[in-house]
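Okay, here's what each chain looks like letter by letter:
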2 protein chains.
Amino acid sequence: MKLTCTQENLSKGLTVVGKSIGKDSTLPVLSNVLLTTDNKRLKLSTTNLEIGTSCLIGAKVEKEGKITVPAQLLSNYINNLPAEQINIEAKGTDLKISSGSYNANIKGIDSQEFPLIPKIEEKPFAKVSGKDLKTALSQIIFASANDESRPEIAGVYLKTDKSKIRLAATDSYRLAEKVVEVTAGAEEEVEMIVPISAMLELNRILSEQDEAVEIASSDNQVRFSFGDVELVSRLVEGQYPEYQRIIPKELETKAQVSNKELSTALRTSSFFSQKDVAEVVVKTKASQGVVEIIAESGEVGKNVTKVKAEKIEGGDREISFNPQYLLDCLLNIGTDKVSLMITADEKVGALKPIGAGEQDYVYIIMPIVKK
Amino acid sequence: MKLTCTQENLSKGLTVVGKSIGKDSTLPVLSNVLLTTDNKRLKLSTTNLEIGTSCLIGAKVEKEGKITVPAQLLSNYINNLPAEQINIEAKGTDLKISSGSYNANIKGIDSQEFPLIPKIEEKPFAKVSGKDLKTALSQIIFASANDESRPEIAGVYLKTDKSKIRLAATDSYRLAEKVVEVTAGAEEEVEMIVPISAMLELNRILSEQDEAVEIASSDNQVRFSFGDVELVSRLVEGQYPEYQRIIPKELETKAQVSNKELSTALRTSSFFSQKDVAEVVVKTKASQGVVEIIAESGEVGKNVTKVKAEKIEGGDREISFNPQYLLDCLLNIGTDKVSLMITADEKVGALKPIGAGEQDYVYIIMPIVKK
């Protein structure tokens, strides 16, 4: 293999594929990135056997070939080089890199040892805007369980629904659901659970540019492709909980508040929570036009913050939440104003954006029940 | 105690005193900040029994008094409040705080339990520019030992010298020395070792504004005062090593290089160092007008970077360093160009700034000697 490429392209490509590497030292090749010439381009691939990522970058290929070298080292090294042409040449399992006043020789591993990333031959079942998908993922992934003891909820549920994709995540204490319009496909009904690690990685590498993302699946694999990037992940087997039934039909009390004011009140209150159980009491007071956020611990003291509500509908309610669960959503909901809602029986709370995407997103949160 | 002050002043004051608190749970009052009314001001004080810090802020005092409350909690809380007037009132050992829509009650500890911070009655022995002192500290403190097994070098050596203060720090592998001009005093000869923790704290709170710092000492204590802030620290007992004799009389080879280029070369090379021993070989090559930085490990590979030298004097030399020791200095030396120097016997290296402060600073670094 012999080629030249720009430092910028190689650095960007390595950043895209750099996280889906294995940390298991029993198979050292998993911590390597596979470099393969592909016509007039260089393909970078990594895998941790669960997620595989690849990215194509422009290159001037003099001699075809393949090699694997430590991904982290190569990425660190290339990131530090000046923005100039980089010459790359494989000699046996060594990779020679030269650029300007830099000359390196990196020890690699034969490309034969690199595991195959599964190919998905099926046609994409849906195409969505990359920007919309990134927004949707940001709004829901924090609600997913992240412990492997319940793998079916340590993932994002994805279900096509006519011209829409419904995405949901829950850890059984809170639930986030977002509906994304597709730009093509989604005729056939598809349902799957994608591991949270793959969704976090997809969210990380989805560029801010609005590139279309094609989603395809076969057997127990899913592929997201956009631009020159592909991410393939195994799917979680099992049944996703029937979460729709915990979304209340009616959320009687609705208070319209500023996202920033509510967030500040919650953050401030959290300093007054008990060390072991973070808890705030939320009280709606329609006559005063405020939502009170109250935190108290025997050890620290007490804080009461009144958050002004632009509008309160429904009766006065009192409910206890983990403040972090509200903050996670407020940080990602994406609107300046939000609607805080409580059911008449004070057994479920919810947050919805006011303005953009009002109809497409809901966040359900279970109260802390006193023993 | 009853007073009002602004959120900005209280927040700034708590940031100044917030770090010199005790972490030892056997004396919980050490993690508290002492609030004392002082004429028309509010005094904030903290101590960890080694360092004591205090700061005066403007306040409208209605009723004199004293109270202590958890420093971290108060600081977190006040930082989150909007920039408005804050009302503070002590009720027994509780502190009531209200501001806008916030109302808190923080449980405190009686001020009688707060330890006395030593008073230094002696007149200051020197006065220096705060900006100069901050620059000097930044340029030397990283070279100090930080393990308590050799307390006399886990500190900064300070010696007055006619109208100058000489500051030095060493961990026995490298040594940094800086001379600061005094603006007043320094007639009498004073010599002391200030613990590194106090110097790090002083460096943190010395504002970027050029306030004069007065230094006074008595017995085994030193006080730095500037503006409305005071920091008192115990001194380290013992004899500072006679470091002057390790500063070479002659540094035969001198290469003028760009700080940025040398730093990048060192950082890049460090990826190729052995995991356990970070090491780079530095070679001066006068005929090529370059300094070569070479790193090699059997496991990872090899990198050679040529750093262009504007000027090289003296013969070609080769010496091995811990790259981090050079980087620590380059990050803090404060000039774009530096002089890299090596003795003729290749047993000592040095860095000096080129330009501002050229005569006032030297950094000595011991080579890695092959076994």
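Residues numbered from 1 in each chain as written. Chains lettered and ligands numbered in written order. Predicted model: local features only at pLDDT ≥ 70, side-chain atom pairs only at ≥ 80, totals over all residues.

In terms of helices and strands, chain A carries six helices and 26 strands. Principal axes of the C-alpha set define a box for chain A whose edges measure 75 × 50 × 35 Å. For chain A, the proportion of its 371 residues judged to be buried stands at 45%. Taking the intrachain contacts of chain A between residues at least 6 apart in sequence as the baseline, contacts between residues at least 24 apart amount to 69%. (Helix = DSSP H or I, 4+ residues; strand = E, 2+ residues; numbered from the N terminus. Buried ≥ 20, exposed ≤ 12 C-beta atoms within 10 Å, placed from the backbone. Contact = placed C-beta atoms within 7 Å.)

Right, let's talk about the sheet that holds strand β10 (residues 126-129) of chain A for a bit. Residue and element names in this part refer to chain A. On the basis of which strands lie adjacent, the open sheet formed by nine strands has the order β6-β2-β3-β4-β18-β17-β16-β10-β14 and antiparallel pairing. The two strands at the open ends of the sheet, each matched to only one other strand, are β6 (66-70) and β14 (184-185). Bridge analysis of strand β17 (residues 221-226) against strand β18 (residues 229-234) gives six bridges, and the strand direction is antiparallel. In the sheet register, Ser225 faces β18, and the bridge partner there is Glu230. Where helix α2 (residues 71-80) meets the sheet, its contacts fall on β2 (32-38), β3 (41-47) and β6, and the angle it forms with β6 comes to roughly 85°. With respect to the sheet, helix α4 (residues 196-205) is in contact with β4 (51-58), β17 and β18, its orientation differing from that of β18 by roughly 170°. (Pairing = 2+ DSSP bridges. Axes fitted to C-alpha atoms, helices over the stretch in contact; angles between N-to-C directions.)

What follows is about the domain arrangement of chain A. Domain annotation of chain A identifies domain 1 (2-113), domain 2 (126-244) and domain 3 (248-365). Spacing between the C-alpha centres of domain 1 of chain A and domain 3 of chain A amounts to 48 Å. (Domains from an automatic or database assignment.)

Attention now goes to the nonpolar core. Core analysis: the biggest nonpolar cluster contains 222 residues, and A:Ile140, A:Val156, B:Ile140 and B:Val156 have the highest contact counts within it. Here A:Ile140 is in contact with A:Val156, A:Leu167, A:Ala168, A:Ala169, A:Ala176 and A:Lys178, once residues within four sequence places are set aside. (Core = buried A, V, L, I, M, F, W, Y, C linked by C-beta atoms within 7 Å.)

By convention, interface size is frequently given as the accessible area that disappears when the constituent parts associate. Facing the 23 residues of chain A at the interface are 23 residues of chain B. Elements with a contribution of two residues or more to the side of chain A that touches chain B: α2, β9 (102-107), α5 (259-270) and β22 (301-313) of chain A. Partitioning the side of chain A that touches chain B into residue classes produces eight nonpolar, 10 polar and five charged. Of the pairings in the sheet, the one linking β9(A) to strand β22 (residues 301-313) of chain B comprises five bridges and is antiparallel in character. Its bridge partner lying in β22(B), A:Ile106 is registered against B:Gly301. (Nonpolar A, V, L, I, M, F, W, Y, C, P; charged D, E, K, R; others polar.)

All names here are of chain A. Here α5 crosses helix α6 (residues 323-332) at 150°, and the two axes come no closer than 10 Å. Considered as vectors, α5 and α6 are oriented roughly antiparallel to each other. Crossing of α5 against α6: the hand is left-handed. Residue-level inspection shows Asn259, Leu262, Ser263, Leu266, Arg267, Ser269 and Ser270 of α5 in contact with α6, the latter providing Pro323, Leu326, Leu327 and Leu330. Of the residues belonging to the contact of α5 with α6, the class tally is six nonpolar, four polar and one charged. (Parallel < 35°, antiparallel > 145°, perpendicular 65-115°, else oblique. Left-handed = near helix turned anticlockwise from the far one by under 90°.)

Moving on to the sheet that holds strand β4 (residues 51-58) of chain B. Residue and element names in this part refer to chain B. Strand order in the open sheet formed by nine strands is β6-β2-β3-β4-β18-β17-β16-β10-β14, and the pairing between neighbours is antiparallel. Looking at the sheet topology across the chains shown, the edges are occupied by β6 (66-70) and β14 (184-185). Where strand β16 (residues 212-218) lies against strand β17 (residues 221-226), five bridges are found, and the strand directions are antiparallel. From the neighbouring strand, Glu214 faces β17, where its bridge partner is Ser225. Helix α1 (residues 7-17) rests against β2 (32-38), β3 (41-47), β4 and β18 (229-234) of the sheet, and its axis sits at about 170° to β4. Most of the contacts of helix α3 (residues 130-140) go to strand β10 (residues 126-129), to which it runs at about 80°, and overall it touches β10, β16 and β17.

Mapping chain A onto chain B calls for a rotation angle of 180° and an axial translation of 0.0 Å; the resulting RMSD is 0.0 Å. In symmetry terms, the pair is related by a two-fold rotation axis. Judged by C-alpha distance, A:Arg204 is the residue of chain A that lies nearest the rotation axis, at 17 Å. Looking at the interface residues of chain A, 100% of them are also at the interface in chain B, so both copies use one shared face. (Least-squares fit on C-alpha atoms with pLDDT ≥ 70 in both.)

With that settled, the discussion passes to the pairing of strand β16 (residues 212-218) of chain A. Pairing geometry for β10(A) and β16(A), over four bridges, is antiparallel. Residue pairing across strands places A:Ala126 opposite A:Ile215, the latter belonging to β16(A).

With that settled, the discussion passes to the environment of B:Glu318. The topology assignment puts B:Glu318 in strand β23 (residues 318-321). Among residues more than four places away in sequence, those in contact with B:Glu318 are B:Val281, B:Lys283 and B:Glu346.

This brings us to the environment of B:Glu84. Residue and element names in this part refer to chain B. With respect to the helices and strands, the residue Glu84 is situated in the loop between α2 (71-80) and β7 (85-91). For the pair Glu84 and Gly100, spaced 16 residues apart in sequence, the C-alpha to C-alpha distance is 7.4 Å. Dropping the residues within four chain positions of it, Glu84 is found in contact with Gln7, Ser99 and Gly100.

Quick look at unusual backbone geometry now. In this structure, A:Lys162 is a non-glycine residue whose phi angle is positive, near 55°. Following the sequence through the fold, A:Lys162 ends up in the loop between β11 (155-161) and β12 (164-170). The phi angle at B:Ser172 is positive, at roughly 85°, despite the residue not being glycine. Within the fold, B:Ser172 resides in the loop between β12 (164-170) and β13 (174-181).

Of all the 11 residues making up α3(B), eight are buried; the element is thus mostly covered by neighbouring parts of the structure. Where α3(B) is concerned, the buried positions are B:Gly130, B:Asp132, B:Leu133, B:Thr135, B:Ala136, B:Leu137, B:Gln139 and B:Ile140.

The next subject is the packing of α1(B) against α2(B). Residues and elements named next belong to chain B. It is the contact of α1 with α2, at a shortest axis distance of 9 Å, that shows an interaxial angle of 145°. The crossing of α1 and α2 is left-handed. Between α1, through Gln7, Leu10, Ser11, Leu14 and Thr15, and α2, the contact on the second element is made entirely by Leu74, Ser75, Ile78 and Asn79. When its residues are assigned to classes, the contact of α1 with α2 shows four nonpolar, five polar and no charged.

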